[in-house]
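Commentary on secondary and tertiary structure
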Amino acid sequence: MRFIQSLRPISAALAITLISAPAAGQTSIDPPAGDWTHRGVDVSFPETVGGFERGQATEFTSDGRDAAIGYKYNNADGTLNVTVYVYPDYSDLSCSQIFLDARNNVAEYRGAELSGQGFISPPNGGNTDFGLAARYRLPANSMREGYPALISDVYLYCPPGDKWLVKYRASWTGSEATFPDVGSFLRRIDWPAALRSNL
């Protein structure tokens, strides 16, 4: 992950647990052939995106506005699992506070080590605003017994207007030097205006 600029340390006082939508309506979906479209905002996720193969989708609310889609990428160096979340901003927290909550979900794993953090491009590219990102090293068995050592990225983009959020978690079994370019994967998706940076 190539950071555009490093983040300043975030105060521990902002370590607030984000209140998210209730999970009662959570539904797992095996998308049919073709694009899978998020029901809350008009973004479609193809079956394959530059070598990334789509997996299962999850809708966390009955109206489908809070949803995630998984992708997997394999090469000789390792396996990358990416989960992309698109959901409304339910909270009154700042983007930095929401990011800290997402980051803490990775940091809480046993032995997790922060490798870097900073600003990187929004999902569709451009340089008028930025997403927040952090990378962690997770030792073997950190997430669960039998799991390999991982390099795990967490990313959050708060589009202008603060109505929607785009987040991803990407975990790689290879080395940091061979971590695939998730930014290139994201730029191949046709993001609608509500989720785009103004190029």
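Quick look at the environment of S184
Checked against the element boundaries, S184 lands in helix α2 (residues 182-187). Sequence separation between S184 and V49 is 135 residues; the distance between their C-alpha atoms is 9.5 Å.

What to know about the pattern of salt bridges
Counted under the stated rule, the structure contains seven salt bridges. With a closest N to O distance of 2.7 Å, R135 and D153 form a salt bridge. In this pair, R135 sits in strand β10 (residues 131-138) while D153 sits in strand β11 (residues 150-157), placing the two residues 18 residues apart along the sequence. Residue class for R135 comes out buried when judged on its relative accessible area of 6%. Note that R135 is salt-bridged to E176, the shortest N-O span being 3.9 Å. Linking R135 in strand β10 with E176 in the loop between β12 (164-172) and α2, this pair joins segments that are 41 residues apart in sequence. We classify E176 as partly exposed; its relative accessible area is 28%.

Brief notes about the environment of Q26
Tracing the chain through its elements places Q26 in the loop between β1 (5-6) and β2 (27-29). Judged by its relative accessible area of 43%, Q26 falls in the partly exposed class. When the C-alpha atoms of Q26 and S62 are compared, they prove to be 6.9 Å apart, with 36 residues separating the residues in sequence. Beyond its immediate sequence surroundings of up to four residues, Q26 is in contact with T58, E59 and F60.

With respect to the packing of aromatic side chains
One pass over the full model with this rule turns up nine aromatic pairs. With a centroid separation of 6.2 Å and 55 degrees between ring planes, the pair formed by W172 and F179 is classed as tilted. Comparing W172 with F179 shows no difference in burial state: the two are buried. Clustering of aromatic rings is evident, with ring pairs tying together F52, Y71, Y73 and F185. Over the ring of F179 we find R135, and its NZ or CZ is 4.2 Å from the ring centre. The ring centre of Y85 lies 4.8 Å from the NZ or CZ of K167, which sits over that ring.

Some remarks on the state of the cysteines
Under the counting rule described, the total for this entry stands at one disulfide. Each sulfur in the disulfide pair C95 and C158 lies 2.0 Å from the other. When the S-S torsion is 90 degrees, as for the bridge of C95 with C158, the disulfide is right-handed. Separated by 63 residues along the polypeptide, C95 in helix α1 (residues 95-107) and C158 in the loop between β11 and β12 bring together distant segments of the chain. The class of C95 is partly exposed, set by a relative accessible area of 26%.

Rules of the game
- Residues numbered from 1 in each chain as written.
- Predicted model: local features only at pLDDT ≥ 70, side-chain atom pairs only at ≥ 80, totals over all residues.
- Heavy atoms only, no water.
- Helix = DSSP H or I, 4+ residues; strand = E, 2+ residues; numbered from the N terminus.
- Salt bridge = Lys/Arg side-chain N within 4 Å of Asp/Glu carboxyl O.
- Buried < 20%, exposed > 50% of the residue type's maximum accessible area, 1.4 Å probe, protein only.
- Contact = heavy atoms within 4.5 Å.
- Phe/Tyr/Trp six-rings, centres within 6.5 Å; stacked < 30°, edge-to-face > 60°.
- Lys NZ or Arg CZ within 6 Å of the ring centre and 35° of its normal.
- Disulfide = S-S within 2.5 Å.

Worth remembering: the numbers are spatial, not functional.
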